[in-house]
Amino acid sequence: MLWHADRFDFVSDDAYISFRYAENLANHAELNWNVGESRVEGYTNFLWTVLLAVGIGFGVGPETSSRVLGSLFAVLTVLVLFWLGRVLSGAGGEDPRQVGRLTPWYRELLGGGGELAGWDLLPPALVAVWGAFACWASGGLETQLFTFLLLLSITQYVREERQGDRLRSSGLFFALAAMTRPEGALIFGIVGSHRLLWTLGSGAAHALRRAPGLSRRLDNGLARDGLWVISFLLLYGSYFLWRYEYYGHLYPNTYYIKVATTDALKTRAFGLAYLSSFVRDYRLWYFAPAAVLALSAMGLWGRRGARRVVYLWTLIIPVLLVYTWHIVRFGGDFMAMHRFFVPMIPLLALLIGLTCRGLTDLPLRRLLPKRILFWTFVPISALLVVLFAARSTTLDRRTLRTLKVRSTGYDGAYDNMESVAFMKRFARDRVLVGQWLRQRVPPKALMAVGGAGAIVYHSGLPAIDSFGLSDLYVAHHVKAVHHRPGHQKRAPLSYVLRRHPDILCYPGLVRMQDWEYRPRRAERRRWDRRGYRYFCANPPGLYPSHYCCLMRTDRDLGLTPVSAYLNDPQP
């Protein structure tokens, strides 16, 4: 798993937005974009940002801590997935003296009930070789923390249902997941609906059998469910009230950017293409008919085991469907390797493992001795893992090599997404430009940028985010200009100029090329009237070698205009 993740080893430009918030929290006690200005919630990963801020407080930069934590949570997710498989297999056994209490986790992992691991190893192995999962152990974003908390919540939830635990701590884990990504609250709602329907369905089945104690059974079930919801609301509700008081809006600023579009149908077409790419890349359609057959085979698992399987499938299938609809609705993503589907990958791997088990191991249970039966998982699991690894290797190679570098820029697009090679190069170059600016420009100079990530973080300058993720005016008062996910809104140039930025790297005005930009006379005069002239940053290692923007001429910014102005008088 760690070796696979290390193949990517990159930090995306978007991650630097969270780094900026974390740095301001650690150094200025403000969870804000620009210190001292109106508060804006331009991030959607509160718990991740706080963890990075803690690292900064201990002297560990977020570029390092984000990659270490991403890899750590990826490994923990693989372990929790194995644990969930053990829970479903019945490992740990039943202890009559512990009725109503959870079996210790270590007893389940070690198989205290005599259940051998076997098929429980397949889902973790699939996840470890799954390219998208390994890719986003890197990247600097909160993806793996959210995936880990979500899977831990579901694992604890299934354990509580199986063993009748009265204190349902899974509600707290779901709250932590929702504090990491807003989608956590959506998934808690799905799981809560499942819990309520299952409680009522159990009561109905109890009534049909005309068994005594129906009222008491329902009361106990609903009471446990109520405590579970309360545990979620106490933690997540407190966080929600704090952020509403702190920022003044019900949703993060990014929400108002991402729900906007010029054409909802085209946005959803992007989302469907994103889903199609994920299914096609990993050949997931092969498992759909097999899963239907496996459902019937799982009836051979035994009465209590079949109940656990039905419980799990009726839980996971709605989670997968609603979460997928949520991704499609917002148009998917512009980054390669399907990061929005990563939280679903462990659940998909689990269902693939259950499918294989249902079609092979379970029908043979009454025909083969247990010791021989145990080893039937080896050839099938090995074949499946090898096929997945081979497919992932092909996809990994494509995303790590798709990059065309020219003297006027570079491109790395495929399937309407940016390759990892492109994201790595894009962020690296803007790190260089940001560091170049930090060494020359006064620290209070205001900068207007498009991609407000690495260049802002490394320059340390207050900034106007032209795409509006960290700008209240753009998010709430500007109409969408595009339907492509992630870039639906853009600050009007008139609004940006009203704020009198000292450095203007507005989208469409930036020139990145392998020579100094020479604006034509008409363009020079037009910007001279506004009080701006072009300059070029050319830090060592940058290619194309010149990153050219506009600077104000009425302030000494420590920058030199391009040579095209040598014969022009000062404006």
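Within the protein, the regular secondary structure consists of 23 helices and 10 strands. Here the protein holds 571 residues, and 56% of them are scored as buried. Within the protein, contacts between residues separated by at least 24 positions form 73% of all contacts whose residues are at least 6 apart in sequence. Of the roughly 25100 Å² of accessible surface on the protein, 61% is carried by carbon and sulfur atoms.

Bringing helix α13 (residues 264-281) into the picture now. Between its first and last C-alpha atoms α13 spans 26 Å; for 18 residues at 1.5 Å apiece the expected length is 26 Å, and the two agree. Every buried residue of α13 is listed here: T267, G271, Y274, S277, F278 and D281. Axial view of α13: buried residues confined to an arc of 120°, hence all on one face. Two or three places before L265, at the opening of α13, D263 has a side-chain oxygen 3.0 Å from that residue's backbone nitrogen.

Attention shifts here to the packing of aromatic side chains. The tally for this structure, following the rule as stated, stands at 38 aromatic pairs. With a centroid separation of 5.8 Å and an interplanar angle of 50°, the aromatic rings of Y236 and Y239 are classed as tilted. With Y236 and Y239 both in helix α11 (residues 214-247) and 3 residues apart, the pair spans about one turn of that helix. Owing to a relative accessible area of 15%, Y236 belongs among the buried residues under this scheme. The class of Y239 is buried, set by a relative accessible area of 11%. In this structure, R20 packs its charged tip against the face of W33, placed 4.8 Å from the ring centre. One Lys or Arg, R39, reaches over the ring of Y246 and ends 3.9 Å from the middle of that ring.

Once that is clear, we can look at the pairing of strand β9 (residues 532-537). Here β9 lies mainly inside the structure; 6 of its 6 residues are buried. Of the two faces of β9, the one carrying Y532, Y534 and C536 and the one carrying R533, F535 and A537 are both buried. Bridge count between β9 and strand β10 (residues 546-552): 6 bridges; the pairing is antiparallel. In the strand pairing of β10, R533 is matched with M551.

It is worth spelling out the packing of helix α3 (residues 46-57) against helix α4 (residues 62-89) at this point. A pair of packed helices is characterised by two quantities: the angle between their axes and the separation of those axes. Contact pair α3 / α4: the axes reach a minimum separation of 9 Å and the direction vectors enclose 125°. Taken together, α3 and α4 sit at an angle that is classed as oblique. For the pair α3 and α4, the sense of crossing is right-handed. Residues W48, L51, L52 and I56 of α3 touch α4, and the partners they reach there are P62, S65, S66, L69, G70 and F73. Taken together, the residues that form the contact of α3 with α4 break down as 7 nonpolar, 3 polar and no charged.

Cut-offs applied
- Note on numbering: residues in each chain are counted from 1, in written sequence order.
- For this predicted model, a pLDDT threshold of at least 70 governs which residues receive local features, and a threshold of 80 or more governs which side-chain atom pairs are given and counted, while totals over whole chains, interfaces and linings are taken from all residues.
- Side-chain measures were taken over the full set of non-hydrogen atoms in the model, leaving aside hydrogen atoms and water.
- Segments assigned H or I by DSSP are reported as helices when at least four residues long, segments assigned E as strands when at least two residues long, and all are numbered from the N terminus.
- Buried means the residue's accessible area, taken with a 1.4 Å probe over protein chains only, is under 20% of the maximum for its type, while exposed means over 50%, and partly exposed covers the values in between.
- Here a residue-residue contact requires only that any non-hydrogen atoms of the pair lie within 4.5 Å.
- Only the protein chains shown count as cover for residues, and the accessible areas themselves come from Shrake-Rupley with a 1.4 Å probe.
- Here, expected helix span is obtained from the residue count minus one, scaled by 1.5 Å.
- By arc we mean the arc of the directions from the helix axis to the C-beta atoms, nothing more.
- In protein, a polar contact requires one atom able to donate a hydrogen and another able to accept it; more generally it is a pair of N or O atoms within 3.5 Å, and residues adjacent in sequence count only if both atoms are side-chain atoms.
- Ring pairs are drawn from Phe, Tyr and Trp, using the six-membered ring of Trp, whenever the two centres fall within 6.5 Å, and their geometry is named by plane angle: stacked under 30 degrees, edge-to-face over 60, tilted for the rest.
- By definition, being over a ring means that NZ of Lys or CZ of Arg is both within 6 Å of the ring centre and within 35 degrees of the ring normal.
- Each pair of strands is called paired provided DSSP finds at least two bridges between the two strands.
- Interaxial angles span 0 to 180 degrees and are taken between N-to-C directions of axes, which are lines fitted to C-alpha atoms, for helices over the stretch in contact.
- Relative orientations are named as follows: roughly parallel for angles under 35 degrees, roughly antiparallel for angles over 145 degrees, roughly perpendicular for angles from 65 to 115 degrees, and oblique for any other angle.
- Handedness of a helix crossing follows the sense of rotation of the near helix relative to the far helix, less than a right angle counterclockwise being left-handed and clockwise being right-handed.
- Three categories are distinguished: nonpolar for Ala, Val, Leu, Ile, Met, Phe, Trp, Tyr, Cys and Pro, charged for Asp, Glu, Lys and Arg, and polar for the others, with Gly belonging to the last.

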